[in-house]
Amino acid sequence: MEAGPKRLASALMRSGALKTDWLPAYEAAPRHQFVPDTIWPGRAGANRQDDRVTLEGQPDLWWKAVYRDAPITTQWDHGEYTGPKTGRTPTSSNSMPTMVFTMLDALNIREGQEVLEVGTGTGWNAALLSHRLGADHVVSVEVDSRTAEDARNRLTLAGLHPLVHVGNGCRGLRRARPVRPVDRHLFRGQRPRRVAGTDRERRHHRDPVGADVRRRGGRPPHGRR
């Protein structure tokens, strides 16, 4: 089977990362719709990125990278580096699919709940959540306005409109301005404060590069805080 959504889904289901309740969202929001044309493919289980790959110049490599179970760096050094090699620090990414669906499964979300996301990289995670819960139940905070705009465009093209704020998610929502819709990654070690204007804390989960996803209410799964 050639690289593509079905092959990746099969691998994720065999490993147990992708459960049947998330399969419809996976099929409705294919990863390639939320990956930019210029990427630096990562490697599963290693904090290393390959050289730049572009959809226009290397379409086969781009497609294979998108449908490999590995993270993809989409921005270096807050956008300051765009060269053919790698920059100093990855500042935005499309996370490893195994981690994405393991994290989503750990949320144990139910119909009617609301999700606050601080960091989705390219908007893929926000899209998956929107398909599962409905976009009106998803709020995302993004610190970088350009990244937010790019994610907004991808979400809009997919027909999804979760509420998006531009601001620092660590400072809560009152300092953020709505722009519809979005994504972004926190740096490792940062932890959002209690969300301003809410009466209950929201649980958070963190991906390998530090993205946080939090849902309103509920107890964290065993072994998590």
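Okay, so let's go over this structure. (Residues numbered from 1 in each chain as written. Predicted model: local features only at pLDDT ≥ 70, side-chain atom pairs only at ≥ 80, totals over all residues. Heavy atoms only, no water.)

1. Some points on the overall build of the protein
Part 1 of the argument: A tally of regular secondary structure across the protein gives six helices and 11 strands.
Part 2 of the argument: Expressed as a percentage of its 225 residues, the buried residues of the protein come to 50%.
Part 3 of the argument: Looking at the protein alone, contacts between residues at least 24 apart form 61% of all its contacts between residues at least 6 apart.
Part 4 of the argument: Within the structure as shown, the protein displays about 11,500 Å² of accessible surface, and the carbon and sulfur contribution to it stands at 47%. (Helix = DSSP H or I, 4+ residues; strand = E, 2+ residues; numbered from the N terminus. Buried < 20%, exposed > 50% of the residue type's maximum accessible area, 1.4 Å probe, protein only. Contact = heavy atoms within 4.5 Å. Areas by Shrake-Rupley, 256 points an atom, 1.4 Å probe, with all protein chains shown as cover.)

2. Topic: the pattern of salt bridges
Part 1 of the argument: Across all of its chains, the model carries six salt bridges by this definition.
Part 2 of the argument: The partner of aspartate 105 in a salt bridge is lysine 19, with the nearest N and O atoms 3.2 Å apart. Here aspartate 105 is found in helix 4 (residues 97–107), whereas its partner lysine 19 is found in the loop between helix 1 (5–15) and helix 2 (23–28), with 86 residues between them in sequence.
Part 3 of the argument: The salt bridge involving arginine 146 is made with aspartate 150; its shortest N-O contact spans 3.6 Å. Of this pair, arginine 146 and aspartate 150 are both found in helix 6 (residues 145–157), four residues apart, which corresponds to roughly one turn of the helix.
Part 4 of the argument: Judged by relative accessible area, which is 29%, aspartate 150 ranks as partly exposed. (Salt bridge = Lys/Arg side-chain N within 4 Å of Asp/Glu carboxyl O.)

3. What about the nonpolar core?
Part 1 of the argument: Ranked by size, the top nonpolar core spans 34 residues in total, and within it Trp22, Tyr26, Phe101 and Leu128 carry the most contacts.
Part 2 of the argument: Going through the elements one at a time, helix 1, helix 2, helix 3 (59–66), helix 4 and helix 5 (124–133) are the ones with two or more residues in this core.
Part 3 of the argument: Looking at which element gives the most residues to this core, the answer is helix 5, with six residues.
Part 4 of the argument: With residues near it in sequence (within four places) discarded, tryptophan 22 still touches Phe101, Leu104, Asp105, Ile109, Leu128, Leu129 and Arg132. (Core = buried A, V, L, I, M, F, W, Y, C linked by side-chain atoms within 4.5 Å.)

4. What to know about unusual backbone geometry
Part 1 of the argument: In this structure, aspartate 77 is a non-glycine residue whose phi angle is positive, near 50 degrees.
Part 2 of the argument: Relative to the assigned elements, aspartate 77 resides in the loop between strand 4 (72–76) and strand 5 (90–94).
Part 3 of the argument: Note on aspartate 77: relative accessible area 14%, which makes it buried.
Part 4 of the argument: Positive phi is not limited to glycine here, since asparagine 108 has a value of about 55 degrees.
Part 5 of the argument: Residue position: asparagine 108 is located in the loop between helix 4 and strand 6 (115–118).

5. Observations concerning the packing of helix 4 against helix 5
Part 1 of the argument: Between helix 4 and helix 5, the least distance of the axes is 12 Å, while the angle of their chain directions is 40 degrees. Accordingly, the angle class assigned to the pair helix 4 and helix 5 is oblique. Where helix 4 crosses over helix 5, the two elements pack in a sense that is right-handed. Contacts between helix 4 and helix 5 involve Pro97, Val100, Phe101, Met103, Leu104 and Leu107 from the first element and Trp124, Asn125, Leu128 and Leu129 from the second.
Part 2 of the argument: When grouped by side-chain class, the residues that make up the contact of helix 4 with helix 5 number nine nonpolar, one polar and no charged. (Axes fitted to C-alpha atoms, helices over the stretch in contact; angles between N-to-C directions. Parallel < 35°, antiparallel > 145°, perpendicular 65-115°, else oblique. Left-handed = near helix turned anticlockwise from the far one by under 90°. Nonpolar A, V, L, I, M, F, W, Y, C, P; charged D, E, K, R; others polar.)

6. Here's the deal with the pairing of strand 8 (residues 163–166)
Part 1 of the argument: In this sheet, strand 8 lies alongside strand 7 (residues 138–142) in parallel orientation, the contact comprising four bridges. In the sheet register, valine 139 faces strand 8, and the bridge partner there is leucine 163.
Part 2 of the argument: With respect to chirality, the unit in which strand 7 leads through helix 6 into the neighbouring parallel strand 8 is right-handed. (Pairing = 2+ DSSP bridges. Right-handed = clockwise from strand over helix to strand, strands pointing away.)

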